[in-house]
Amino acid sequence: MNARPDFDLQPTLIGETISLRPLHADDFEPLYAAASDPLIWEQHPEPLRYHRPVFAGFFAGALASGGALVATDNRAGGVIGSSRYYDWNPDAKEVTVGYTFLARSHWGGSINREMKQLMLGHAFVFAKVVWFHVGSNNWRSRKAMEKIGGTLSHTARVESNGVAHDYAFYRIEAPP
């Protein structure tokens, strides 16, 4: 595989049931509506992200990242969550996918798998390895990572906004 060095961090990706597109400033209200359920964040390292001021910080970071994507339901047309690419390393041909969440109305089916497959398919045009950083106690997301083929590499403490959290690092390698 010849990975390209010019990773497009904000593509538009269209799947069977969802689409991903670049995040825009006017997405705040619909994305916050999808994120305002406390149960989405109960196992997350930042469990208060459903509070508007906390979410506003998350959203500002997503916009500033240059890699954030909004997930929309192809049938209903509404915003159902988001994810992003970050830490692109062109020399190692590695990128990270994370900051992913879905509205609970879209849990328990194939939506998370479809989102990750869309993002992995795009990433492997450019990268050889895709990393996922998952809160160590976020068992729901850790199980989901294993279901899509993620291999636990290691755990580590990561500081974000002055607070350290424990994360599990999963990796998926490009198919041969």
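Keep in mind that this is a model prediction, so the values were computed, not measured.

Asks: Just to check I follow, could you spell out the side chain of R142 for this structure?
Replies: Here R142 lies in helix α5 (residues 139–147). Ignoring any residue separated from it by four or fewer positions in sequence, one finds R142 in contact with V134, G135, S136, L152, A168 and Y170.

Asks: Help me out: how do you make sense of the packing of helix α1 (residues 28–35) against helix α3 (residues 52–65) in this one?
Replies: Helix packing for two helices is described by the angle between their axes and how far apart those axes are. Look at α1 against α3: their axes get within 11 Å of each other, and the N-to-C directions meet at 120 degrees. The angle between the axes of α1 and α3 places the two elements in the oblique class. The crossing of α1 and α3 is right-handed. On the side of α1, the interface is formed by F28, E29, L31, Y32 and A35, while α3 contributes R52, F55, A56 and F59. Considered class by class, the residues forming the contact of α1 with α3 number seven nonpolar, no polar and two charged.

Asks: Sorry if this is basic, but what is going on with the packing of aromatic side chains here?
Replies: Where two aromatic rings form a pair, the distance of their centres and the angle of their planes describe that pair. Summed over the entire model, instances satisfying the criterion amount to 15 aromatic pairs. When the centroid spacing of 6.0 Å and the interplanar angle of 5 degrees are considered together, the rings of F28 and Y32 count as stacked. On the criterion of helical spacing, the pair formed by F28 and Y32 is a turn pair, its members being four residues apart in helix α1. Taken individually, F28 and Y32 each receive the classification buried, so the pair is uniform in this respect. An angle of 35 degrees between the planes, with centres 6.3 Å apart, marks the rings of F55 and F59 as tilted. A residue pair is termed a helical-turn pair when its members lie 3 or 4 positions apart in one helix, as F55 and F59 do in helix α3 at four residues.

Asks: How should the pattern of salt bridges be read in this particular structure?
Replies: A side chain of one charge can pair with a side chain of the opposite charge when the charged atoms of the two come close. In total, this model carries seven salt bridges according to the counting rule given. R49 is the salt-bridge partner of E46, the closest N and O atoms lying 3.1 Å from each other. Each member of the pair, E46 together with R49, is buried. Between E173 and R171 there is a salt bridge whose closest N-O contact spans 3.0 Å. Using a relative accessible area of 23% as the deciding quantity, one classes R171 as partly exposed.

Asks: Is there a simple way to explain the nonpolar core in this structure?
Replies: Soluble globular proteins: nonpolar side chains tend toward being buried together. Counting 29 residues, the largest nonpolar core has L20, Y85, M119, V130 and F132 as the members making the most contacts within it. Among the elements of the structure, β2 (18–22), β3 (68–73), β4 (79–89), β5 (94–102), α4 (111–126), β6 (129–135) and β8 (163–173) are those that each provide at least two residues to this core. The element contributing the most residues to this core is α4, with eight residues. If we skip the residues at most four places from it in the chain, V130 touches V95, V97, L120, A123, F124, Y170, R171 and I172.

Asks: Mind showing me how you'd approach the environment of L63 here?
Replies: Looking at the element boundaries, L63 is found in helix α3. Its relative accessible area of 35% is what places L63 among the partly exposed residues. Sequence spacing of L63 and H51 is 12 residues, and the spatial spacing of their C-alpha atoms is 18 Å. Discounting residues that sit within four places of it in the chain, L63 has contacts with L23, H24 and A25.

Reading the values: the criteria
- Residues numbered from 1 in each chain as written.
- Predicted model: local features only at pLDDT ≥ 70, side-chain atom pairs only at ≥ 80, totals over all residues.
- Heavy atoms only, no water.
- Helix = DSSP H or I, 4+ residues; strand = E, 2+ residues; numbered from the N terminus.
- Contact = heavy atoms within 4.5 Å.
- Axes fitted to C-alpha atoms, helices over the stretch in contact; angles between N-to-C directions.
- Parallel < 35°, antiparallel > 145°, perpendicular 65-115°, else oblique.
- Left-handed = near helix turned anticlockwise from the far one by under 90°.
- Nonpolar A, V, L, I, M, F, W, Y, C, P; charged D, E, K, R; others polar.
- Phe/Tyr/Trp six-rings, centres within 6.5 Å; stacked < 30°, edge-to-face > 60°.
- Buried < 20%, exposed > 50% of the residue type's maximum accessible area, 1.4 Å probe, protein only.
- Salt bridge = Lys/Arg side-chain N within 4 Å of Asp/Glu carboxyl O.
- Core = buried A, V, L, I, M, F, W, Y, C linked by side-chain atoms within 4.5 Å.

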